[in-house]
Amino acid sequence: MKRLLTTLLALIALGLCVVCVVQWQREARLRGHITDLVKRLEAENALRIEAERKVREYEKEIERLTELRAEVEAKLVEVTREYNDLSADSVARGITIAVYMRELMQTQAHFAAAQSALGQGSSVMKEHNAAVTAQNSTIEKQNELLKQLAKERDAAIEKLNARTIEFNEVVEKYNKLSKGR
């Protein structure tokens, strides 16, 4: 019987050892899972923090781009308005030049008529000389006015070209910004 009790005690001790080993392995697996879950949680928290930081950066960039776009659109409106003003002014000057050219042609026609009448006599010649002198002064005035209008037209065209260059630069900047998004 003593032997039976000793064997039974040894078997029970071995069974308890097996239970301890099984529990130890289970606890090791659970600790491994907990460590893995903690690492995943830390990684997700780091990703969340990085995503929030990027969101703040993107919001700032969106605000900056929105302000820049508003500035570009305001500049575009201003340049377009100036372009329209200069175009209207150029058209008006062209009409004025056409009117002066018509008057010049009429004066030249009167001058030709005066030359043909010159052969009729000295009194007629004196009258025509006076008329020609008046016509010449009118022609000179008109020529001066044409030169002045041409200079003003050239200045307006230079302004228009400068504005067009500015407009193109603004459009290029806007396009670069749009492509940058």
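In what follows, the structure referred to is the one given above.
## Observations concerning the overall build of the protein chain
Looking only at helices and strands, the protein chain has 2 helices and 0 strands in total. Taking 16 Å as the expected radius of gyration for a compact globule of 181 residues, we find that the protein chain reaches 49 Å, considerably beyond that expectation. Here the C-alpha coordinates of the protein chain stretch approximately 175 × 20 × 15 Å along the principal axes. Summed over its atoms, the accessible surface of the protein chain is roughly 14500 Å², and 61% of this surface lies on carbon and sulfur atoms. Looking at charge distribution, the protein chain has the averaged site of its 29 positive side-chain charges lying 12 Å from that of its 27 negative ones.

## Quick look at a negative patch on the surface
Among the surface-exposed residues, Glu59, Glu63, Glu67 and Glu71 lie close enough to one another that they form a single negatively charged patch. With respect to the helices, strands and loops of the structure, Glu63 is situated in helix H1 (residues 2-118).

## Brief notes about the state of the cysteines
All told, the structure shown has 0 disulfides when counted by the stated rule. Between Cys17, a cysteine without a disulfide, and Cys20, which holds the nearest cysteine sulfur, the sulfur-to-sulfur distance is 6.4 Å. Residue class for Cys17 comes out partly exposed when judged on its relative accessible area of 46%.

## Considerations on the pattern of salt bridges
Counting across every chain of the model gives 10 salt bridges. As a salt-bridge pair, Arg53 and Glu50 come within 2.1 Å of each other at their nearest N and O atoms. Placement of the pair is Arg53 and Glu50 together in helix H1, with a separation of 3 residues, close to one helical turn. Given a relative accessible area of 30%, Glu50 falls into the partly exposed group. Notably, a salt bridge pairs Arg153 with Asp154, separated by 3.1 Å at the nearest N-O pair. By relative accessible area, which is 33% here, Arg153 ends up partly exposed. Taken together, the shared-partner salt bridges connect Lys75, Glu82, Arg163 and Glu166 into one network.

Conventions and cut-offs
- Residues numbered from 1 in each chain as written.
- Predicted model: local features only at pLDDT ≥ 70, side-chain atom pairs only at ≥ 80, totals over all residues.
- Heavy atoms only, no water.
- Helix = DSSP H or I, 4+ residues; strand = E, 2+ residues; numbered from the N terminus.
- Rg over C-alpha atoms; globule rule 2.2 N^0.38 Å.
- Areas by Shrake-Rupley, 256 points an atom, 1.4 Å probe, with all protein chains shown as cover.
- Lys, Arg positive; Asp, Glu negative; His and termini not counted.
- Charge placed at Lys NZ, Arg CZ, Asp CG, Glu CD.
- Patch = residues over 30% accessible without salt bridge, like charges linked within 9 Å, V, L, I, M, F, W, Y side chains within 5 Å.
- Salt bridge = Lys/Arg side-chain N within 4 Å of Asp/Glu carboxyl O.
- Disulfide = S-S within 2.5 Å.
- Buried < 20%, exposed > 50% of the residue type's maximum accessible area, 1.4 Å probe, protein only.

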